[in-house]
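# Observations on chain architecture
Listed below are the residues making up each chain.
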Amino acid sequence: MAADSDPESEVFEITDFTTASEWERFVSRVEEVLNDWKLIGSRAGSSTPEKGEFTSGSWEERSQDIQFADFKFYISHYFLKQQCVQDDLKDQSEEDAFPVAMQDLLCMNNDFPPRAHCLARWYGIREFVVLSPGTNCEAITSESKCNLLLSSISISLANSGSQVPMFVQIQQKWRRVYAGECQGPGVRTDFEMVHLRKVPSQYNHLSGLLDIFKSKIACTLSPLPPINIAIRFTYILQDWQQYSWPQQPPDFDTLLGGEVGGVEFGKLPFGACEEPISELHLATTWPHLTEGIVVDNDVYSDLDPLQAPHWSVRVRSAENPQCLLGDLLTEFFKLCCRKESTEEVLGRGLAEEEGKENSDISSALSKLTEPTATVPISKLSVSSMVHSARKHIRRHRRIDESPLNADVLNSILLYLFPDAAVEKSSENSKHKTNPSNCCGKDEQNKNSDYNLFLQLKSAPSNSLTYRLALCACLVNYNHGGLRAVAHLWQEFVLELRYRWENNFFIYGLPAGSPDLRCCLLHQKLQMLNCCIERKRARDETRKVLEGSRERERRGPSPESTTAASGSAREVSPGKSWDSWSDSEEEFFECLSDQGDMEAEKNGSKSRAEGRLHPFNNTTLLKSTEPLYVPVTQEPAPMTEDLLEEQSAVLAKLGTSAEGSHLRARMQSACLLSDMESFKAANPGCVLEDFVRWYSPRDYVEEELVDETGNKALKGELSARMKIPGNMWVEAWETARVTPARRQRRLFDDTKEAEKVLHYLAVQKPADVTRHLLPCILHAAILKLKEEESVEDIPSVKRTIQQATGQASKLLHPLHDYKKLEDFITQLMLMETAITKARSLKAKFASCEDGKEEDTEELEKFVSSLLEEPEVVVIGAGQGPAGSIIHRLFVNAQRAALLAPLDDDLCRDKKPTVGINKVPDFPSPAGREILLRTCVPRPAPYSKALPQRLFCVLMKEEFRLAGAFSSDTSFF
């Protein structure tokens, strides 16, 4: 009773058979995808593919994920993009029309396409759908699962009315085994496949494969409809021993040892160190054969490759061949990620030893402050102390501690600074005063690649920065890596300091202010050159003034005094002081005040100073004195990092009235200096006089008629200048009467030079690499352009143009190292392509007695090999290219079988005795046989439908891909 009253005993399970199962949901989902992709109904309307269209045409693919219970599948649609041809006069929706896929089975225009999906190659179809397991899903290996999927796609095709063939990938993915089906009105094609590792002996020839094909189609008609046969044998050539690789790697020890000369440093290495082509594949094809024409069985074969009507060739490149330029760039790029400083790289032992020996450096300042009478003043400079200590250190430094030996280092420095070979006297340096001479502006303007550095923001080719990048790259690759680069940089900075202290221009830099279009390192070097230029000009002015003072003490003549003062005025940025030191700004102000006081005492306050020349015959407004253009200070040059720093400071001042006023005062330092110079050159002048010279647009003149009828010009300041609180008026009131040579310097060359030298000295090797990387990529692109112009490869030329635009984006700013690494890989691929072209040209060079037509044909053949996946050999084995290919195989065969080589085959066409003992070609690496026919199936009275069998026979693979159609009208 207790059990009967239990409510759980009354519960029973109800199975609802109207609910869709997982399999039905899967079939429905496949139908939805076919509908979404509009693959339902007849596919008629597409034209027959043109010959070679499978290779030259555009294939497209689209995919979706679908689920079968918890099992993930990919369903993908592959199709050849074609323009649909519509014929209004003919109805393409006939019920009896065959599906397009069945028509493609018999099409002969695209047999053996070199580049296509494997299903397109095996079955010749231009559109199909593939159902394959997901990425992390197991393969479909059981027969029951395979049959379940085939049933699913069969139902989906029938329900949707789709005529696109659909395949299911079974077995492991690497085996590429598919089974599928295509349905049409009253017809069906089953796609079946056999895949074995070994070729069965009875099917190792054409006759055995014909037997399989005939038994499968089971045609009872007599005689049997003819079977169309297409055969392709592929031969592989791997032995290039008889053709030495034309690219010889350069001898870097010779180049960097100074035996050839410093000019060799400017040449980047280029080319592959090994044969860039690993294999040559020769495909011999018999496109149209029938069963009775050719014999191929286990005893005899008519298939001689020399007699094949069609030859085609493809080349396979070596996998990642070692290329000199690519390795150079890769190794240099790796330095960007290093963290070590120069001191850490060169080692503490070296630094400690230098510390023990550098007593000259530590006592340099004390010697400067307490000079003795026996030491001349000119020797008491930081530069002389540093360089005497450096010589002392080098004398005691062990040879094995220096990454770069003395010979290599001297050769590099001589290449970077070729003017160092000449005695650095003041006269010799004057001949080099214009650094732009060494940049070859005229030649660069003629060169079409001159503006490439603007795009990459690197530096002009053959500039010091550019040459330094080349040297650093070569030193890193061949002479010690990171330590060698650190050593080179250290010596480079010391050379720059020596030149600054001794007033020698830096060779290889254009004159003028830093070019903001170049890299920052190039700007810094230009800034240092500007400092040297200002310092030299100042020293020249000092010498002139000192000479004039001495002449005044000796009682000079008026003519010599006038000439001396005139020459002093012509030196524009120069200043005068009595001390040899030039680093104390307060001293200049004191000197200028002292000059004013002396002028007041002498009653010559109105004496004009610093005149350059009269200004357009103009007179002062308040007097009849002519208006003179003053000698002014040049504006301070700036690098891009200084401009950014200045902009940040000005931006922090804010937008308030006080901040705006302060910002205007900071920006008017140059204006104030020019006003002071103008007042000194034009005593008694007013603001209007200055505006007439400095900003003529701000002085408005009007023509007026007086009482007597005479016309007169009356001028006044513009409205902008009359605004209350105008900065120009305020600056004019505060400006003193001070010529440029006694003003405080707008550009303190000493301070700026020391800042530049300090900036360079603290750079780590990784920082130096990042600075020089744009120059190295610039040099690499120029090298590729130079080498490509010799070989004339259109695809490489296009790639170089694209790479140039890509590099300009990657280098500004330099942050994404991964993309830069990919870019260097792209440059390596271009180098490989060029070396590949050289290798092919060396192998397919015509004989000396060859015809001009043959030479042109061979050039076109080599060019096509570089651009296309497979190239047809004109004339097959009898053409010029075919003869060379034949000779390559013959020589490789004889080398393999230790037979005597025929080196003069091009000159002597007659075969030597015993040549027939060695076969000209090896056994084919792959054989592809395509069998096609059209027979009624399954009954003799059925429709005649296309049947196809594609056979692949290789050393470790045997594959049969069959497409067998049958009539389903009454079956």
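Computed from a predicted model, the values in this text were never measured in an experiment.

## Focus: the overall build of the protein chain
Helix and strand counts for the protein chain stand at 34 helices and 17 strands. Put simply, the protein chain has 971 residues, and 46% of those count as buried. Long-range pairs, those at least 24 residues apart, make up 75% of the contacts in the protein chain with a sequence separation of at least 6.

## Overview of the packing of aromatic side chains
Scanning all chains against the criterion turns up 28 aromatic pairs. For the ring pair Tyr78 and Phe128, a centre distance of 5.3 Å and an interplane angle of 25 degrees mean the geometry is stacked. Here the residue Tyr78 occupies a position in strand 2 (residues 71-80), and Phe128 occupies one in strand 3 (residues 127-133), the gap between them amounting to 50 residues. Among the aromatic residues, ring-to-ring pairing joins Phe678, Phe690, Trp693, Tyr694, Trp728 and Trp732 into one connected group.

## Focus: the side chain of Arg232
Examined against the element boundaries, Arg232 turns out to sit in strand 7 (residues 228-237). Side chain to side chain, Arg232 and Glu870 meet in a polar contact 3.2 Å long.

## Brief notes about the packing of helix 32 (residues 817-843) against helix 33 (residues 852-867)
At a minimum axis distance of 10 Å, the contact between helix 32 and helix 33 shows a crossing angle of 145 degrees. Pair helix 32 / helix 33 crosses with right-handed handedness. Contacts from Ala833, Lys836, Ala837, Leu840 and Lys841 in helix 32 reach Val862, Leu865 and Leu866 in helix 33. Per-class residue counts for the contact of helix 32 with helix 33 are six nonpolar, no polar and two charged.

## Re helix 27 (residues 687-694)
The buried count for helix 27 comes to six of eight residues, which makes it a mostly enclosed element. Inspection of helix 27 places Leu687, Asp689, Phe690, Val691, Arg692 and Trp693 among the buried residues, and these make up the whole buried set.

## Looking at unusual backbone geometry
Looking along the chain, the bond that leaves Arg937 and enters Pro938 is cis, with omega of 15 degrees. If you trace the backbone, Pro938 turns up in the loop between strand 15 (926-936) and strand 16 (944-954). Although it is not a glycine, Asn320 adopts a positive phi angle of roughly 50 degrees. Mapped onto the elements of the fold, Asn320 is located in the loop between strand 9 (310-317) and helix 9 (324-334). Taking relative accessible area as the criterion, Asn320 reaches 67% and is therefore assigned exposed.

## Some points on the nonpolar core
With 83 residues, the main nonpolar core has Leu416, Phe492, Leu496 and Leu827 as its most contacted residues. Setting aside anything within four residues of it in sequence, one finds Phe492 in contact with Leu416, Phe417, Leu464, Leu468 and Leu525.

## A closer look at the environment of Thr189
Note that Thr189 resides in strand 6 (residues 187-196). The spatial distance from the C-alpha of Thr189 to the C-alpha of Ser965 is 4.0 Å, given a sequence separation of 776 residues. A polar contact of 2.8 Å, which involves the side chain of Thr189, links it to the side chain of Ser965.

## Observations concerning the pairing of strand 15
Walk down a regular strand and you will see the side chains alternate between the two sheet faces. Among the eleven residues of strand 15, ten are classified as buried, and the element is accordingly described as predominantly covered. Here strand 7 pairs with strand 15 via seven bridges, running antiparallel. Paired with Thr234 across the strands is Gly926, a residue of strand 15. Across eleven bridges, strand 15 lies against strand 16 in antiparallel orientation. In the sheet register, Leu930 faces strand 16, and the bridge partner there is Phe950.

## Regarding empty space enclosed by the protein
On inspection of all chains with the given rule, the structure shows six cavities of 30 Å³ or more. In this structure, the second largest cavity spans a volume of roughly 70 Å³. Surrounding the second largest cavity, ten residues form its lining, Val100, Ala101, Asp104, Glu127 and Pro165 being those nearest its centre. Considered class by class, the residues forming the lining of the second largest cavity number five nonpolar, one polar and four charged.

## Points about the confidence of the model for the protein chain
Looking at the protein chain as a whole, the pLDDT averages 77, with 74% of positions reaching at least 70. For the stretch residues 904-915, pLDDT sits under 50, and the model shows five contacts to residues farther than four places along the chain or on other chains.

## Overview of the side chain of His195
Secondary-structure assignment places His195 in strand 6. The class for His195 is buried, based on a relative accessible area of 14%. The residues touching His195, leaving out its near neighbours within four places in the chain, are Trp174, Arg175, Val177, Glu957, Phe958 and Arg959.

## Considerations on the packing of helix 21 (residues 520-553) against helix 29 (residues 749-761)
Relative to each other, helix 21 and helix 29 sit at 150 degrees, their axes nearing to 9 Å. When the interaxial angle is binned, helix 21 and helix 29 end up roughly antiparallel. Regarding helix 21 and helix 29, the two cross each other, and that crossing is left-handed. In this structure, helix 21 contributes Leu520, Leu521, Lys524, Leu525, Met527, Leu528, Cys531, Arg534, Lys535 and Arg538 to the contact, and helix 29 contributes Asp749, Thr750, Glu752, Ala753, Val756, Leu757, Tyr759 and Leu760. Classifying every residue of the contact of helix 21 with helix 29 by side-chain character gives eleven nonpolar, one polar and six charged.

## A closer look at the pattern of salt bridges
Counted under the stated rule, the structure contains 38 salt bridges. Note that Glu752 and Lys755 form a salt bridge whose closest N and O atoms lie 3.8 Å from each other. Of this pair, Glu752 and Lys755 both sit in helix 29, separated by three residues, roughly a single helical turn. Judged by its relative accessible area of 38%, Lys755 is partly exposed. Across the pair Lys783 and Glu787 runs a salt bridge, and its minimum N-O distance is 3.4 Å. Pair noted here: Lys783 and Glu787 are both in helix 30 (residues 765-791), with a separation of four residues, about one helical turn. Looking at Lys783, the relative accessible area reads 13%, which means it is buried. Each of the salt bridges in this network shares a partner with another, and the network as a whole consists of Lys783, Glu787, Glu791, Arg838 and Lys841.

## Remarks on the environment of Leu157
In this fold, Leu157 is placed in helix 6 (residues 143-160). The sequence separation of Leu157 and Gly41 amounts to 116 residues, and the corresponding C-alpha distance is 9.7 Å. Discounting residues that sit within four places of it in the chain, Leu157 has contacts with Leu34, Ser162, Val164, Met166, Glu181 and Gln183.

## Some remarks on the environment of Ser668
If you trace the backbone, Ser668 turns up in the loop between helix 25 (657-667) and helix 26 (669-681). The exposure class assigned to Ser668 is buried, which follows from its relative accessible area of 11%. C-alpha of Ser668 to C-alpha of Met727: the two residues are 59 residues apart in sequence and 8.1 Å apart in space.

## Some thoughts on a nonpolar patch on the surface
On the surface, a cluster of nonpolar side chains totalling about 220 Å² of accessible area is made up of Trp23, Leu148 and Ile155. Take Trp23: it is sitting in helix 2 (residues 22-36).

## Describing a negative patch on the surface
A surface patch of negative charge is lined by Glu852, Glu853, Glu856 and Glu859. With respect to the helices, strands and loops of the structure, Glu856 is situated in helix 33.

## Thoughts on the pairing of strand 2
With eight of its ten residues buried, strand 2 lies for the most part within the structure. By the bridge criterion, ten bridges tie strand 1 (residues 59-68) to strand 2 in an arrangement that is antiparallel. Its bridge partner being in strand 2, Trp59 is matched across the sheet by Leu80. What sits between the antiparallel neighbours strand 1 and strand 2 is a turn of two residues, in which Ala69 has the positive phi angle 60 degrees.

Reading the values: the criteria
Residues numbered from 1 in each chain as written. Predicted model: local features only at pLDDT ≥ 70, side-chain atom pairs only at ≥ 80, totals over all residues. Heavy atoms only, no water. Helix = DSSP H or I, 4+ residues; strand = E, 2+ residues; numbered from the N terminus. Buried < 20%, exposed > 50% of the residue type's maximum accessible area, 1.4 Å probe, protein only. Contact = heavy atoms within 4.5 Å. Phe/Tyr/Trp six-rings, centres within 6.5 Å; stacked < 30°, edge-to-face > 60°. Polar contact = N/O pair within 3.5 Å; in protein donor to acceptor, adjacent residues only side chain to side chain. Axes fitted to C-alpha atoms, helices over the stretch in contact; angles between N-to-C directions. Left-handed = near helix turned anticlockwise from the far one by under 90°. Nonpolar A, V, L, I, M, F, W, Y, C, P; charged D, E, K, R; others polar. Core = buried A, V, L, I, M, F, W, Y, C linked by side-chain atoms within 4.5 Å. Pairing = 2+ DSSP bridges. 1 Å grid on protein atoms, 1.4 Å probe; cavity = no way out; pocket = protein on both sides within 12 Å on 5 of 7 lines; lining within 4 Å. Points joined across faces, edges and corners; volume = space filled by probe spheres on them. pLDDT = per-residue confidence, 0-100. Parallel < 35°, antiparallel > 145°, perpendicular 65-115°, else oblique. Salt bridge = Lys/Arg side-chain N within 4 Å of Asp/Glu carboxyl O. Patch = residues over 30% accessible without salt bridge, like charges linked within 9 Å, V, L, I, M, F, W, Y side chains within 5 Å. Areas by Shrake-Rupley, 256 points an atom, 1.4 Å probe, with all protein chains shown as cover. Lys, Arg positive; Asp, Glu negative; His and termini not counted. Charge placed at Lys NZ, Arg CZ, Asp CG, Glu CD.

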